[in-house]
Amino acid sequence: TSTTTTPTSTSSVAPASGCSTPPTSRRRPTRVWRTLFLRRTSLRSRIARVSQKMELGFVRRHWFLLGLVLVIALARVAPWVGQKGGPLLPEITVKYLAVFLIFFNSGLTLRTEDLRSAVMNVKLHAFVQSFTLGLVPALMWLLTVALRAHTHLPDSVLWGLKIVGCMPPPVSSAVILTKAVGGNEAGAIFNSAFGSFLGIFITPLLLLSWVGVSTAVPLGAIFTSLSLTVVLPLVLGQIVRFMYWNSHIKFYNVPWGNIGSATLLLIIYCTFCDTFAAEVDLEPRSLSMVVLCVVASQCALLGLVFFLTAGLRFPADDVVCAMYCSTHKSLTLGIPMLKIVFATHPALSVISVPLLVYHPVQILLGGVLAPTLRKWMLGRLTGSKEVSEI
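Please read these numbers as outputs of a predicted model, since none were measured by experiment.

**Here we look at the packing of helix α7 (residues 173-181) against helix α8 (residues 185-211)**
Angle between the axes and distance between the axes are the two parameters that describe a pair of packed helices.
Part 1: Between α7 and α8, whose axes approach to 9 Å, the crossing angle comes to 175°. By the angle between their directions, the pair α7 and α8 is classed as roughly antiparallel. Packed against α7, whose contacting residues are Ala174, Val175, Thr178 and Lys179, the element α8 presents Glu185, Ala188, Ile189 and Ser192 at the interface.
Part 2: Its residues assigned to classes, the contact of α7 with α8 comprises four nonpolar, two polar and two charged.

**Quick notes on a nonpolar patch on the surface**
Part 1: Side chains of Leu228, Val231, Leu232, Val235, Leu236, Ile239, Phe242, Met243 and Tyr244 sit close together on the surface and give an oily, nonpolar patch of about 860 Å² of accessible area.
Part 2: As for its placement among the helices and strands, Val235 is situated in helix α9 (residues 219-244).
Part 3: By relative accessible area, which is 43% here, Val235 ends up partly exposed.

**Section: the confidence of the model for the chain**
Detailed reading of the predicted coordinates is not advisable wherever pLDDT falls low.
Part 1: On average, the chain scores 80 in pLDDT, and the residues at 70 or more come to 79%.
Part 2: Ranking the elements of the chain by mean pLDDT puts helix α1 (residues 23-61) last with 62 and helix α12 (residues 316-327) first with 94.
Part 3: Across residues 1-14 the pLDDT falls below 50, and counting only partners more than four positions away or on other chains, this stretch makes zero contacts in the model.
Part 4: Low confidence marks residues 384-390, where pLDDT is under 50. Its contacts with residues over four positions away, or in another chain, come to nine contacts.

**Side note on the nonpolar core**
Part 1: By size, the foremost hydrophobic cluster in this structure holds 90 residues, and its most contacted members are Phe103, Ile163, Ile268, Met323 and Tyr324.
Part 2: Here this core gets eleven residues from one element, more than from any other, and that element is helix α15 (residues 353-381).

**A look at the packing of helix α10 (residues 256-277) against α15**
Part 1: For the pair α10 and α15, the least separation of the axes is 10 Å and the interaxial angle reads 150°. Looking at the two axes, α10 sits roughly antiparallel to α15. Handedness of the α10/α15 crossing: left-handed. Facing Leu264, Ile268, Thr271, Phe272 and Thr275 of α10, the residues of α15 in contact are Leu356, His359, Pro360, Ile363 and Leu364.

Cut-offs applied
The residue count restarts for each chain, going from 1 along the sequence in the order it is written. Given that the model is predicted, a residue must reach a pLDDT of at least 70 before its local features are reported, and side-chain atom pairs must reach 80 or more before they are shown or counted; all residues, however, enter totals for whole chains, interfaces and linings. Side-chain calculation: all heavy atoms of the structure are included, whereas hydrogens and water are not. Axis definition: a line fitted to C-alpha atoms, limited for helices to the stretch in contact. Angles are taken between N-to-C directions and run from 0 to 180 degrees. Strands here mean DSSP runs of E at least two residues long; helices mean DSSP runs of H or I at least four residues long; both are numbered from the N terminus. These descriptions rest on fixed angle ranges, namely under 35 degrees for roughly parallel, over 145 for roughly antiparallel, 65 to 115 for roughly perpendicular, and the rest for oblique. The contact criterion used throughout is that any non-hydrogen atoms of two residues lie within 4.5 Å. Residue polarity is assigned by list, with Asp, Glu, Lys and Arg as charged and Ala, Val, Leu, Ile, Met, Phe, Trp, Tyr, Cys and Pro as nonpolar; anything else, Gly included, falls into the polar class. Patches were defined on residues exceeding 30% relative accessible area and lacking a salt bridge, with like-charge contacts within 9 Å and nonpolar side-chain contacts (Val, Leu, Ile, Met, Phe, Trp, Tyr) within 5 Å. The Shrake-Rupley method, run with a 1.4 Å probe sphere, supplies the accessible areas, and residue values consider only the shown protein chains as cover. By definition, a salt bridge exists where a carboxyl oxygen of Asp or Glu is found within 4 Å of a side-chain nitrogen of Lys or Arg. Whether a residue is buried, partly exposed or exposed follows from its accessible area with a 1.4 Å probe, protein chains only, as a fraction of its type maximum: under 20%, in between, or over 50%, in that order. pLDDT is a residue-level measure of predictor confidence that goes from 0 to 100. The criterion is simple. A nonpolar core is a set of buried Ala, Val, Leu, Ile, Met, Phe, Trp, Tyr and Cys residues joined through side-chain atoms within 4.5 Å. A clockwise turn of the near helix away from the far one marks a right-handed crossing, whereas an anticlockwise turn of less than a right angle marks a left-handed crossing.

Here's what the structure looks like:
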């Protein structure tokens, strides 16, 4: 009997009706999309964290410039808060307490050896004092000659510009800006105090020769102010450093530099409050010309000091000190002197305009220039070849 074999079918058996597709074929795309979504979310969170860190880093590096913009804006909105006689009482908090804190801070953080060597830096002192009390008055006189020939500025404004050139350096702004950059702070302290002392005798002679007016300077009041706001806090800071620095203070990591910069922001705020609150009987066109002349002259003086001191092979920290001490002018001595000289002059407010503009502009330019100068100085001190100009 023969047996017949039935051929086996090679085709796949079709699934019965009502059965769904295998679960693996449907879940695979879902898992892929979920993985992509998680990776995208993770990338976004990483980008957000990096962006936040960059923003915080930017604020930490440039907090002084941001604060500078903020205090100027606040002074413009409400100048009555920080002007003389206002709620902040700047005639006490700024003129005495803030300046006292600046020089106490300097006395606390500076080594006695640095102060001693700064006194002996005759080359730096001779340059700063001859530039600020010799060359600057002559350059401002030449500027007024050119302005008289080519513009229609009133004579009272031109007198004010020449008077600005005759003023000595201030005692606080140059010191704190030099410290903020990391320059020769001890040299800035000496030149600011010594320049203010020389100004007692030289400024009246400069006013007589360049402006044609004579004045009497209140010697006793100036000596008392210098002693209380410069010498006394500096000596106290040195005493505290000698007694407690190695045993206590240096272990707390106090940001002394930031304290000084914050104090400078307070000074800038009150200075701009006085500037914005001042009632000046001057045409807007003439006022704009004065601001332009002041800004241009300060930029030119800063550049001139930089190239002269670099050409004379000054150390980098001395260059920074000379740039601030040689170009800054004292409002504290200037305004009382103007009130003495031009007490009965009807254009006293107009004569004061160049000095009222010069003082906040010198602090503003110094603060804006500080990060660039710090980078240049550090590059110079470490022997970097990539830093060639500001």
